[in-house]
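Given next are the chains, with one letter for each unit.
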Amino acid sequence: QVQLVESGGGLVQPGGSLRLSCAASGRIFSLNAMSWYRQAPGEQRELVAKITSGGSTSYSDSVKGRFTISRDNAKNTMYLQMNSLKPEDTAVYYCNAGVWIGGSSLYQNYWGQGTRVTVSS
């Protein structure tokens, strides 16, 4: 019913920047809170940043001051601007969204397929 598609991952040197996007499509009435998670090899998935439907943001301590989450409600798209990247930021990044399904009273949580970010020289 709803798809989340991430893009923008890749290989970047330490200190570099990347911008991730998460585009939502399908039977969307409205998007609630949206979040970025990441999972490094051998680690559990962790919350990186969250943005509410009203635009309030929160970040994990490990990325605060370096990453910026934003959203364009007209495009049903969320972004993650990542600056001053470190090798420890290497992970698969996933987007997550709470969605009110169009034409129904259903509220469901969706995940994207992930985009890989590698920070290495």
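The rules behind the values
- All chains use their own residue numbering, which begins from 1 and follows the written sequence.
- Residue-level local features of this predicted model are given only where pLDDT is at least 70; pairs of side-chain atoms are given and counted only at 80 or more, and the full residue set underlies all totals for whole chains, interfaces and linings.
- The basis for every side-chain value is the complete set of heavy atoms in the structure, and neither hydrogens nor water enter the calculation.
- What we call a nonpolar core is a set of buried Ala, Val, Leu, Ile, Met, Phe, Trp, Tyr and Cys residues that are connected through their side-chain atoms within 4.5 Å.
- Only protein chains enter the accessibility calculation, which uses a 1.4 Å probe. A residue is then buried if its area is under 20% of the maximum for its type, exposed if over 50%, and partly exposed in between.
- Going along the chain from the N terminus, every DSSP run of H or I of four or more residues is numbered as a helix, and every run of E of two or more is numbered as a strand.
- Note on definitions: a residue-residue contact is assigned when non-hydrogen atoms from the two residues lie within 4.5 Å.
- For the purposes of these results, a polar contact is taken to be a pair of N or O atoms within 3.5 Å, where, inside protein, one atom must be able to donate a hydrogen and its partner to accept one; residues adjacent in sequence count only when each atom of the pair is a side-chain atom.
- By this definition, two strands are paired if DSSP reports at least two bridges between them.

Caption draft 1: Seen up close, the nonpolar core. Of all hydrophobic cores here, the largest spans 30 residues; its most connected members are Trp36, Leu80, Met82 and Tyr93. The set of elements that each furnish at least two residues to this core consists of strand E1 (2-7), strand E3 (18-26), strand E4 (28-39), strand E5 (46-51), strand E7 (67-72), strand E8 (77-82), strand E9 (91-101) and strand E11 (115-119). If one sorts the elements of this core by residue count, E9 sits on top with six residues. Excluding residues within four positions of it along the chain, Tyr93 makes contact with Glu6, Leu20, Trp36, Tyr37, Arg38, Val48, Phe67, Leu80, Met82, Gly114, Thr115 and Val117.

Caption draft 2: Molecular detail of the side chain of Arg38. Structurally, the position occupied by Arg38 is in strand E4. We classify Arg38 as buried; its relative accessible area is 6%. At 3.3 Å, the side chain of Arg38 and the side chain of Ser62 are in polar contact.

Caption draft 3: Seen up close, the environment of Arg116. Its place among the elements puts Arg116 in strand E11. Owing to a relative accessible area of 54%, Arg116 belongs among the exposed residues under this scheme. For the pair Arg116 and Glu88, spaced 28 residues apart in sequence, the C-alpha separation works out to 13 Å. Setting aside residues no more than four positions away along its own chain, Arg116 makes contact with Gly9, Gly10, Ala91 and Val92.

Caption draft 4: Looking closely at the pairing of strand E10 (residues 107-111). Two strands pair when backbone bridges link them, and E9 and E10 are joined in this way by five bridges, in the antiparallel orientation. Within E10, the position partnered with Val99 by the bridge is Gln108. Counted between consecutive antiparallel strands, the loop separating E9 from E10 contains five residues, among which Gly103 sits at a positive phi close to 75°.

The quantities given are spatial measurements derived from coordinates; they are silent on function.
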